[in-house]
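Architecture at a glance
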Amino acid sequence: MSTAPQYCPTPRELDDLELLVSGALAPLAGFDEPGSPITLTLPDDVQAAATEAGAVELVDPEGLPLARVSIPGGQVEALTHAQYGPFRRYYLTPAQAREQHAGRTWVAVTDALTEEQVATLAGHGPVALVALVGAGTPDLSAVALIKATLLAAAQLPDAVVVAVPLAARESGDAETDHALGLAVLATYAGGDTVIGLPEAGEDDSYADDVAAVVAHDQPAPSEQGLVLFFTGLSGSGKSTLARALMDKILEQGTRTITSLDGDVVRRNLSKGLTFSKEDRETNIRRIGWVAAEIARHHGLAIVSPIAPFDSTRQDVRGMVEDAGGAFFLVHVATPLEECERRDRKGLYAKARAGEIPEFTGISSPYEVPTDADVVVDTTGRTIPDALDDVVTALAESGYLDLTTTPLAEEGDSSVVEVRGARATSHETPAPDNDAEPLNVLMVCTANICRSPFMQLLGQHLAGDDLVIRSAGTMGFDASEMDETMASTLVARGVSEQAIADFRSQPVTRQLVEQADLVLTAEARHRQVILDENPAAFRKVFSLGQFVQAAEASSGLTGAELLAAVATKRGAASADLDVADPYRRGPEAAEQAAQLIEGWLRTAVGSLTGKADA
């Protein structure tokens, strides 16, 4: 038998290996057992070598041999166990957990615990909080989930934390994941009681220390690490656009940036690679790995390889997203004919003559992206004009707003700050009948109930005279509006299509900065916003508070009204709150709708000057 080849599994496979070795997946004891979701997929070359050798040796990312797996068969022989990594002391085998913590109530934890959930658990006596930290299971990172769970445990009279690397299936099979979770938790609990956590309500909140962990682990889009990835044919203009974008970012001065240009990378990172298909893909994956590490530390990287194959682009996207960063794909879709016309180096002519093998677009395919964040054709356009497409898409994504110009000449009292598509001067401007409409942001907790009602009904009442958006202090990401609350909008003339198109979002510093006015459903939402954005004090009101201030500023509308209420306002009293109707039935939804509608008609009428709003 030849020597078994070594292979570093995917994060999911490494988690599965740890549970197999520990006995947590019993009666499963190996990979690829009949009917089992616990599988091991080897690259073709490794599979061939392993079949010849009768086994494969699995190693961790540092090259430490962890186990020997028979091929075929999938039986696992442990060589050692994982020894390093943050909070490794909490990763117990079922036997260790039973020995140390028998007699407790066992609870699976996949997200940070809210104060209400912690209060509920306090009534269950000694508990073991099992943080399921495997790849793809929690929304938080493994480190953040363990941190948040330890903080919650400290608030309970008698609680311990156990970390279990239970990974989600790559297929996204929720039923299989749920069944595996129940089986693993039962193995850890033995004969002890197992309970499920109560679902967190819309108004549930985290303790301050837990909230800080969550905020650090899940920064707002504008604070994430970001990889700007330009792809397109040779001569499409992608490198020129990428350089122009980098200049614009540097001129704004709010982010540092690392350029990973193809030629520079080849001299310093990928020296020795050829232009074969395999080496070109290796080059891009190396670029992607470096870019992902930059994003991991909240940096910004810009790259512009041809990257003709979707699988490689998806690999880079996966690296970036696994590192906690955002991947923004720009497809520079300039047609082949135009790229050939621009060809100053004569590369296309050489490729058509057969002098350059595997040339993208001629003798090697270019797989057009179907997941680009923005598509730009530079044919017949100036670079600034084409770049505007990218800048606009970036601003709309929330990752990077380059429409703000923060720089100003010292001593110039008439300097204009550009925010969004509108300019505001430090001096009182002359009336402008063509001014952009005011931008209003509506806020509640999850952005699926009250604030979407405020947004959609407000926009219905205002027409084109206002731009109204909404968000949540703990906003869900891209969720639909609550059906019960949505039904109250239909009766008020809001189109079913507008309701169907709505998707929720969390409130961000960028959204607050772009808004001329922020209106919240409750006073506490206002306080949450001001805790993060203290400079926005003069433009953030609860809806009821703003209506009272507007009524006291009789005769003023639009920007003049906002200037007046900024300095003349009542308290954001809880008496002016719109009570949360979520999951409280149609009657509560209608009561909230009636209160909001009355206030909205006054607010929109005051802002637009429409008495019949």
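Here is a short report on the structure shown in this document. (Residues numbered from 1 in each chain as written. Predicted model: local features only at pLDDT ≥ 70, side-chain atom pairs only at ≥ 80, totals over all residues. Heavy atoms only, no water.)

**A short note on the overall build of the protein**
So the rule is basically this: Put simply, DSSP H or I for four residues or longer makes a helix, DSSP E for two residues or longer makes a strand, and each gets a number counted from the N terminus. We call a residue buried when its accessible area falls under 20% of the maximum for its residue type, exposed when it is over 50%, and partly exposed in between, using a 1.4 Å probe and counting protein chains only. Only heavy atoms enter the contact rule, under which two residues are in contact if any of them lie within 4.5 Å. Here, Shrake-Rupley sampling with a 1.4 Å probe gives the accessible areas, and only protein chains in the shown set may cover a residue. Under the counting rule used here, the positive set is Lys and Arg, the negative set is Asp and Glu, and His together with the chain ends is not counted. Where a charge sits is defined by one atom per residue type, namely NZ (Lys), CZ (Arg), CG (Asp) or CD (Glu).
Helix and strand counts for the protein stand at 22 helices and 19 strands. The principal-axis extent of the C-alpha atoms belonging to the protein is close to 90 × 75 × 45 Å. Each of the 613 residues in the protein was classed as buried or not, and the buried ones make up 47%. A separation of at least 24 residues holds for 70% of the contacts in the protein among residues at least 6 apart in sequence. Working note: accessible area of the protein is about 29300 Å², and carbon and sulfur atoms make up 51% of it. Counting 46 positive and 89 negative side-chain charges, the protein places the averaged centre of each group 5 Å from the other.

**A few points about a negative patch on the surface**
In plain terms, the rule: Patches draw on residues past 30% relative accessible area with no salt bridge. Two like charges within 9 Å are joined, as are two nonpolar side chains (Val, Leu, Ile, Met, Phe, Trp, Tyr) within 5 Å. Note on definitions: salt bridges are taken to be side-chain nitrogens of Lys or Arg within 4 Å of carboxyl oxygens of Asp or Glu.
Taken together, the side chains of Glu115, Asp208, Asp209, Asp531 and Glu532 define an acidic patch exposed on the protein surface. Secondary-structure elements contributing two or more residues to the negative patch are helix 7 (208-217) and helix 19 (523-532). Topologically, Asp208 is positioned in helix 7. The exposed category is assigned to Asp208, whose relative accessible area is 70%.

**Concerning the sheet that holds strand 10 (residues 258-260)**
Let me state the cut-off plainly: Two strands qualify as a pair provided that DSSP identifies no fewer than 2 bridges between them. Axis lines are fitted to C-alpha atoms, over the contacting stretch for helices. Their N-to-C directions set the angle, which ranges from 0 to 180 degrees.
The strand order across the open sheet formed by 5 strands is 10-11-9-12-13, and the pairing between neighbours is parallel. Looking at the sheet topology across the chains shown, the edges are occupied by strand 10 and strand 13 (374-376). Neighbouring strand axes in the sheet, compared pairwise and without regard to direction, differ in orientation by 20° on average. The pairing of strand 12 (residues 326-332) with strand 13 spans 3 bridges and is parallel. Paired with Val330 across the two strands is Val374, which belongs to strand 13. Relative to strand 9 (residues 226-231), helix 8 (residues 238-252) is tilted by about 150°, and along the sheet it contacts strand 9, strand 10, strand 11 (300-303), strand 12 and strand 13.

**Considering the sheet that holds strand 3 (residues 65-70)**
Backbone hydrogen bonds are what pair the strands of a sheet, in a parallel or an antiparallel way. Read across the sheet, 4 strands follow the order 1-2-3-4 without closing on themselves; strand pairing throughout is mixed. Sheet topology places strand 1 (6-7) and strand 4 (76-78) at the edges, where each strand pairs with a single neighbour. Pairing of strand 1 with strand 2 (residues 55-59), which is carried by 2 bridges, proceeds in the parallel orientation. Paired with Tyr7 across the bridge in strand 2 is Leu58.

**Observations regarding helix 14 (residues 383-397)**
Convention followed: How far a helix is expected to stretch is found by multiplying one less than its residue total by 1.5 Å. In the analysis that follows, any N or O atom pair within 3.5 Å is treated as a polar contact, provided that within protein one partner can donate a hydrogen and the other can accept it, and provided that, for residues neighboring in sequence, both atoms belong to side chains.
Here helix 14 is 15 residues long and its end C-alpha atoms lie 21 Å apart, about the 21 Å a rise of 1.5 Å per residue gives. Within helix 14, the full set of buried residues consists of Ala386, Leu387, Val390, Val391, Ala393, Leu394 and Ala395. Looking at the buried positions of helix 14, the neighbouring elements they touch are strand 9, helix 8, strand 12, strand 13 and helix 18 (509-514). Taking the backbone nitrogen of Asp385 as reference, a side-chain oxygen 3.2 Å away marks Thr382 as the first, capping residue of helix 14. Downstream of helix 14 by a residue or two, Gly398 has a phi angle that is positive, lying close to 90°.

**Comments concerning the nonpolar core**
Filter applied, for reference: Put simply, buried Ala, Val, Leu, Ile, Met, Phe, Trp, Tyr and Cys residues joined by side-chain atoms within 4.5 Å make one nonpolar core.
Counting 46 residues, the largest nonpolar core has Met481, Met485, Leu519, Phe546 and Leu607 as its most contacted members. Met485 has contacts with Cys449, Phe453, Pro581, Ala589, Ala592, Ala593 and Ile596, leaving out every residue within four places of it along the chain. Counting residues in hydrophobic clusters, the runner-up holds 35 residues, among them Leu42, Val69, Ile71 and Val162.

**Observations regarding the pairing of strand 18 (residues 517-520)**
The condition that has to hold: Place the viewer so that the strands point away; then a crossover is right-handed whenever the path from the first strand over the helix to the second strand goes clockwise.
Burial of the side chains of strand 18 extends over both faces: Leu517 and Leu519 are buried on one face and Val518 and Thr520 on the other. As paired elements, strand 16 (residues 438-444) and strand 18 share 4 bridges and run parallel to each other. Counterpart to Met442 in the pairing with strand 18 is Leu519. Of the crossover connections in this fold, the one passing from strand 18 over helix 19 to the parallel strand 19 (residues 540-542) is right-handed.

**Considerations on the packing of aromatic side chains**
Under the convention used in this document: The pairing test for Phe, Tyr and Trp rings, Trp by its six-membered ring, is centres within 6.5 Å, and the orientation test on the planes gives stacked under 30 degrees, edge-to-face over 60, and tilted for anything in between.
This model, assessed by the stated rule, comprises 4 aromatic pairs. Ring geometry for Phe87 against Tyr90: centres 6.1 Å apart, planes inclined by 55°, an arrangement best described as tilted. Residue classification places Phe87 among the buried positions, given a relative accessible area of 16%. Judged by centre distance (5.0 Å) and plane angle (75°), the ring pair of Tyr348 and Phe359 falls under edge-to-face.

**Focus: the pattern of salt bridges**
A complete count under the given rule lists 29 salt bridges for this structure. The closest approach of N and O atoms between Glu338 and Arg342, which form a salt bridge, is 3.0 Å. The partly exposed category is assigned to Arg342, whose relative accessible area is 26%. When salt bridges with common partners are traced through the structure, they connect Arg12, Glu13, Asp16, Arg169, Glu170 and Asp177 into a single cluster.

**As for the packing of helix 15 (residues 450-462) against helix 16 (residues 483-490)**
Formally: Roughly parallel here means an angle under 35 degrees, roughly antiparallel means over 145, roughly perpendicular means 65 to 115, and every remaining angle is called oblique. Less than a right angle of anticlockwise turn of the near helix away from the far helix marks a crossing as left-handed, whereas a clockwise turn marks it as right-handed.
Relative orientation of the contacting elements helix 15 and helix 16 amounts to 15°, with a least axis distance of 10 Å. Judged by the inter-axis angle, helix 15 sits roughly parallel to helix 16. By crossing handedness, the relation of helix 15 to helix 16 is classed as right-handed. Here helix 15 contributes Phe453, Leu456 and Leu457 to the contact with helix 16, which in turn contributes Met485, Thr488 and Leu489.

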